[in-house]
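Each chain, written out:
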Amino acid sequence: MVQLLDLGNVELTLVSDKEKRLKFCINDHMDILIEILQRLDGRSLGAAACVCRQWRHIARSDWLWEHLCFRHISPRTMAGVRPVVAAMGGYRRLYMLCLRPVLSRLGRTRGLGGGDPEVVRRVWTQHLVELSLSLFCVDYYERLGNGGGSGGWVGDASASSLMFLCKPVNV
Amino acid sequence: MDPYRSGSSSSCAGKAPDQIDGLLAAAGYRVRSSELRNVAQRLERLETVMVNAPSEISHLADEVVLHNPSDLASWVDSLLSELNQPVPVPDLSDLTYAQPLDPTVNTGAWMEHHAAEQHREIPQVLTAVEEDSCIQLVHVLMTCAGSVQRGEFSLARALIDEMQGLLTRVNNRCGIGKVAGYFIDALSRRLFSPQGSGLIGSAYENEILYHHFYEASPYLKFAHFTANQAILEAFDGHDCVHVIDFNLMQGLQWPALIQALALRPGGPPLLRLTGIGPPSSDGRDSLREIGLRLAELAHSVNVQFAFRGVAASRLEDVKPWMLQVGPKEAVAINFIMQLHRLLVSDPTRGSPIEAVLGWIRNLNPKVMTVVEQEANHNQPEFLDRFTEALHYYSTTFDSLETCSTQPDKALAEIYIQREICNIVCCEGLARVERHEPLAKWQSRLRGAGFKPLHLGSNAFKQASMLLTLFSAEGYCVEEDGGCLTLGWHSRPLIAASAWQAIPEPNPPLGLVDPYNNVV
């Protein structure tokens, strides 16, 4: 650690050999970084992906987002879900498109006011995850239509089926 | 048509009574929204008295105002008692006033008096003139429909002109004005167009409108998810499953089922899907395209999938041999807003619904899912149909007001407009939108040899959760004897049910042997 001590008019820079060896940079310790990242909420994880290229690479790994999605589901019966979600666009997309708006919408309607994310997460249920997966699947299907050939919809952008999730709640 | 519902939907829909109380208090009135119905009744009496006997009340003009007009209920009571009229007992059995009243109803005179306090923004306030025009519009609509039923076409045409005039005085971008506009349009098509052909679009147009209706409101999503839940539960334990969809459209229902089958414990079955749809024009083979897309999705989630498309312009043209049901398959039949089309009765062809239900029963499906509009639009008398449709589609349009994405909302309205036109303009074979209420379907299906399957709590929870995702708070899911209904403000609009065939002793199997003979 490099310390700048302001002793009156004197600035002393204390860098000793010992302290050089103790110099800690998180980027050298990926396992610790991952441990930290996997405890973050979605918004923080997204912010972490903006820090630097290395963080972006890690914070965008689908495994972290899978962990975020199913962190509080018990029992962990979601074993077979991974290939399905991966085929349809990945956990990060699932979280961004479905789980996050669903949770915030449910949190608001239950009067939690979008406040404590921990409390909001605890009301996740199996039904919620199943519904999110179904909606995610419809979204993937619509994107197949858009990316594909002549059978596309008139004037639609992608993920139109989930647009209702993005609308502000009219409470 | 309840005139007090006209236009109040946007302002009162979704507001809790205490919020309405707050609005009233802010406007300077001390009255609870629960009392408003009684207040309105008394106001009507007061108006009747004042109009009918002006000589008796001239003394009121000479006196100082004795009572505080902000306390609405007691002020009206005191006025009535001054005029020696008995205060009417509130009629609790009156079911017409099912909705909380718009606080601006019948406050025409007072609005001028309390103009200062009324500056606060109450959304969708109708002025007294507009309110009168709305009520008049509804009355003229009914009269016009009655004259159409009686064949008095010149009177009907004159009434249509009158209604066009009334429409200009009403806000026709929302509420009763918009709905009335569509119904007036439908009536004029019936009267002025040759043979009242209604609105017919190409299959491609219909698909687009259907898609936008899917986006704009939860009705189709509710239908799909509920039906899928019933199908999923019926397919439990089977390794070869076959779904027959009588209206494939873009196949939006099936990705979720494929995904659920992929994730079911024990692994996915072999899934066959037979999609029925109208033959497509202009060279496109839309059925095949949808099948390819579904196959791609199934492939990406490792579900063995096979698709077959059957193009038929009328549902009764579909025959069991076209479906090629295998002997060991578990079959599910899916009718989303389609079964009512078979109620078209033609004396030369017998009853298509009985024929189709007959061969479906012989297939012995594990489940038949039926989702229908919850309305009685198949009554023999035109006026009855018209009245029922006015109520039903007013509620539907009210619920659509909450959708804010365009062009979803506009195209969804056109989708509904086509239904309205079919019900109002068409007769005989052309009238395909023959909606019947759930109770009628239940007795009809029971008579055809089906027994109901209860939609379980999973379906109910899923439907409730789906509704919380929609931004409007007016939707409600109810369970009704094993069936689920989705409605707007306690008016059910769409009903979903599941059925299973009661096996006959020694039934003909309706299967196809290798020589294409029906066994």
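Residues numbered from 1 in each chain as written. Chains lettered and ligands numbered in written order. Predicted model: local features only at pLDDT ≥ 70, side-chain atom pairs only at ≥ 80, totals over all residues. Heavy atoms only, no water.

Trainee: Sorry if this is basic, but what is going on with the overall build of chain B here?
Mentor: Secondary structure assignment for chain B yields 19 helices and nine strands. Looking at chain B residue by residue over its 519 residues, the buried ones come to 54%. Accessible area for chain B stands at about 22,300 Å²; split by element, carbon and sulfur atoms hold 54% of it. (Helix = DSSP H or I, 4+ residues; strand = E, 2+ residues; numbered from the N terminus. Buried < 20%, exposed > 50% of the residue type's maximum accessible area, 1.4 Å probe, protein only. Areas by Shrake-Rupley, 256 points an atom, 1.4 Å probe, with all protein chains shown as cover.)

Trainee: Would you mind going over the confidence of the model for chain A with me for this structure?
Mentor: Reading predicted coordinates in detail is not appropriate for stretches of low pLDDT. All names here are of chain A. Per-residue confidence for chain A gives a mean pLDDT of 71; residues scoring 70 or more make up 57%. Confidence over residues 111-115 falls short of pLDDT 50; this stretch has five contacts with residues more than four positions distant or in other chains. In this model residues 148-159 is a low-confidence stretch, pLDDT under 50, and it forms 22 contacts with partners more than four residues away in sequence or in other chains. (pLDDT = per-residue confidence, 0-100. Contact = heavy atoms within 4.5 Å.)

Trainee: Before we go on, may I ask you to explain empty space enclosed by the protein in this structure?
Mentor: Sizing a probe to match a water molecule and rolling it over the atoms shows the empty space that remains. Residue and element names in this part refer to chain B. Tallied over the entire structure, the rule returns 14 cavities of 30 Å³ or more. Of the volumes computed, that of the largest cavity is approximately 110 Å³. Residue lining of the largest cavity: F213, Y219, M337, Q373, Y392, Y393, T396, Y415, I416, E419, L493 and I494, and that is the complete set. Secondary-structure elements contributing two or more residues to the lining of the largest cavity are α16 (382-400), α17 (408-425) and β9 (491-501). For the lining of the largest cavity, a count of residues per class yields nine nonpolar, two polar and one charged. (1 Å grid on protein atoms, 1.4 Å probe; cavity = no way out; pocket = protein on both sides within 12 Å on 5 of 7 lines; lining within 4 Å. Points joined across faces, edges and corners; volume = space filled by probe spheres on them. Nonpolar A, V, L, I, M, F, W, Y, C, P; charged D, E, K, R; others polar.)

Trainee: Would you take a moment to explain the UniProt feature "domain: F-box" (unreviewed entry) in chain A for this structure?
Mentor: Feature annotation in UniProt places "domain: F-box" (unreviewed entry) on residues 30-67 of chain A, given in this structure's numbering. Across residues 30-67 of chain A, the secondary structure splits into 74% helix and 0% strand, with the terminal C-alpha atoms separated by 17 Å. (UniProt positions renumbered as here; feature names shortened; annotations may be inferred.)

Trainee: What is the right way to read the pattern of salt bridges from this model?
Mentor: Any two side chains of opposite charge can pair, so long as their charged atoms come close to each other. Counted by the stated rule, this structure contains 20 salt bridges over all chains. In this structure, R143 of chain A engages D139 of chain A in a salt bridge whose closest nitrogen and oxygen atoms are separated by 3.1 Å. You can see R143 of chain A and its partner D139 of chain A sitting in helix α9 (residues 126-147), four residues apart, about one turn around the helix. Of the charged contacts, one joins R341 of chain B and E433 of chain B as a salt bridge, the two residues approaching to 3.2 Å between their closest N and O atoms. Of the two residues, R341 of chain B sits in the loop between β4 (330-336) and α15 (352-363) while E433 of chain B sits in the loop between α17 and α18 (438-447), which places them 92 residues apart along the sequence. Classification of R341 of chain B as partly exposed rests on a relative accessible area of 31%. Judged by its relative accessible area of 8%, E433 of chain B falls in the buried class. Among the ionic contacts, a cluster of salt bridges with common partners joins K178, E401, K409 and E413 of chain B. (Salt bridge = Lys/Arg side-chain N within 4 Å of Asp/Glu carboxyl O.)

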